[in-house]
Amino acid sequence: MSKLMESQKKTSQPANKISASENDEEEECCANTSCEKTEKQKPSSPKQGDFSDPVYKEIAVANGTINRMNRDELRAKCAELKLDTRGVKDVLRKRLKSYYKKQKLMQSAAANGITDAYFDYICVVDFEATCEENNPPDFLHEIIEFPMVLIDTHTLEIVDSFQEYVKPVLNPQLSEFCVRLTGITQKMVDEAEIFHQVLKRAVSWLQEKELGTKYKYTFLTDGSWDMGKFLHTQCKLSCIRYPQFARKWINIRKSYGNFYKVPRTQTKLICMLENLGMHYDGRPHCGLDDSRNIARIAIHMLKDCCQLRVNECLHSGELRSVPISAPIEGAPAPQTPKKRD
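Rules of the game
Residues numbered from 1 in each chain as written. Predicted model: local features only at pLDDT ≥ 70, side-chain atom pairs only at ≥ 80, totals over all residues. Heavy atoms only, no water. pLDDT = per-residue confidence, 0-100. Contact = heavy atoms within 4.5 Å. Core = buried A, V, L, I, M, F, W, Y, C linked by side-chain atoms within 4.5 Å. Buried < 20%, exposed > 50% of the residue type's maximum accessible area, 1.4 Å probe, protein only. Helix = DSSP H or I, 4+ residues; strand = E, 2+ residues; numbered from the N terminus. Patch = residues over 30% accessible without salt bridge, like charges linked within 9 Å, V, L, I, M, F, W, Y side chains within 5 Å. Areas by Shrake-Rupley, 256 points an atom, 1.4 Å probe, with all protein chains shown as cover. Salt bridge = Lys/Arg side-chain N within 4 Å of Asp/Glu carboxyl O.

K.L.:
I'm lost on the confidence of the model for the chain in this one. Help?
P.N.:
The predicted structure's coordinates, where accompanied by low pLDDT, should not be read in detail. Averaged over every residue, the pLDDT of the chain is 85; the share at 70 or more is 81%. Overall, residues 6-29 carries pLDDT values under 50, and its contacts beyond four positions in sequence, including any with other chains, amount to 51 contacts.

Right, here's the structure in full:
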């Protein structure tokens, strides 16, 4: 996703108003899934709300010991346990705590209900869109690159990827700034197909993976704008309904900040990579390269025992947070959205 809009994210609404019929669909979808507080998920502790089990005392003791370690000691302990030794002190500390917690729970009756992953696959999406050096408030971004990177949460590997460029219709001529920023040339988009056709092939790619039918999956983005702004706006411009399968997603910035207990300023892509001891691989603002690097962060978090779960959705055309108490559900099987009246 074009990071030019970083400053605008604080003030801009993530999505525009949509038609009444689409509102009804969206309300029904979110009400039946995880955007509304409908039921409690199964407890992951021996007794819900009861942490008197001795295993939690052992975990607390281990946490206290880890809190007193300096960075060299944390790295040495990670090396001893054959864990990744990269990352800043807070990351190393969280890695060790998560490791010990998981080991203790697995060794006790408290392991009932604990799973390694909520989903079989996580699909990372990071759109690139048309932009100007100084976007006016009413500027309509059109998607010009549609990338997806698929993570197998069991093997913790990137197993496949999808990428197509998209021909913009409203503003078919790319700005010089957009070309410099994204590396996407005018020739690339001129030779591409319009969004609806590209979306059909993206859906076919997801269907070939049996996502939503045989395997449980969800989407993951770097922030709220990919789904809440870019995809929502593009669907309106293309006169198609917003796809049901993309109404919920994991915002990795929120997940990263909550898991490693860091401020929002440390949840930008480059910062997350550096804090985890990694460097950006590829060309910044290339949607596919951005998606791969976001996937590397997600894999690293899964290795650190973070259970990534859906935390955002679209509800009545507006961005909503998904409460942690919401039931854990995968995205529905992908279908090509119908044309809007």
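Now that the structure is up, let's keep going.
K.L.:
How should I be thinking about the nonpolar core in this particular structure?
P.N.:
For soluble globular proteins, nonpolar side chains are generally found buried alongside one another. Ranked by size, the top nonpolar core spans 35 residues in total, and within it L220, I252, Y256, Y260, I297, M301 and L308 carry the most contacts. Listing elements by their share of this core, those giving two or more residues are β1 (121-125), β3 (143-152), α9 (252-260), α10 (269-275) and α11 (287-303). Per-element accounting of this core gives the leading share, eight residues, to α11. With near-sequence residues (within four places) excluded, Y256 lies in contact with V91, K261, V262, Q266, T267, M272, N275, L276, I297 and M301. M148, L150, V166 and L231 belong to the second-largest nonpolar core, a separate cluster that totals 33 residues.

K.L.:
How do you make sense of unusual backbone geometry when you look at a structure like this?
P.N.:
Note: most residues except glycine have negative phi, and most peptide bonds are trans. Positive phi, normally seen in glycine, also occurs at C305, with a value near 75°. On the secondary structure map, C305 appears in the loop between α11 and β7 (312-315).

K.L.:
Help me out: how do you make sense of a nonpolar patch on the surface in this one?
P.N.:
Judged by side-chain polarity, L140, L170 and L237 come together as a nonpolar surface patch covering roughly 220 Å² of accessible area. Secondary-structure assignment places L237 in helix α8 (residues 225-237). Residue classification places L237 among the partly exposed residues on the basis of a relative accessible area of 33%.

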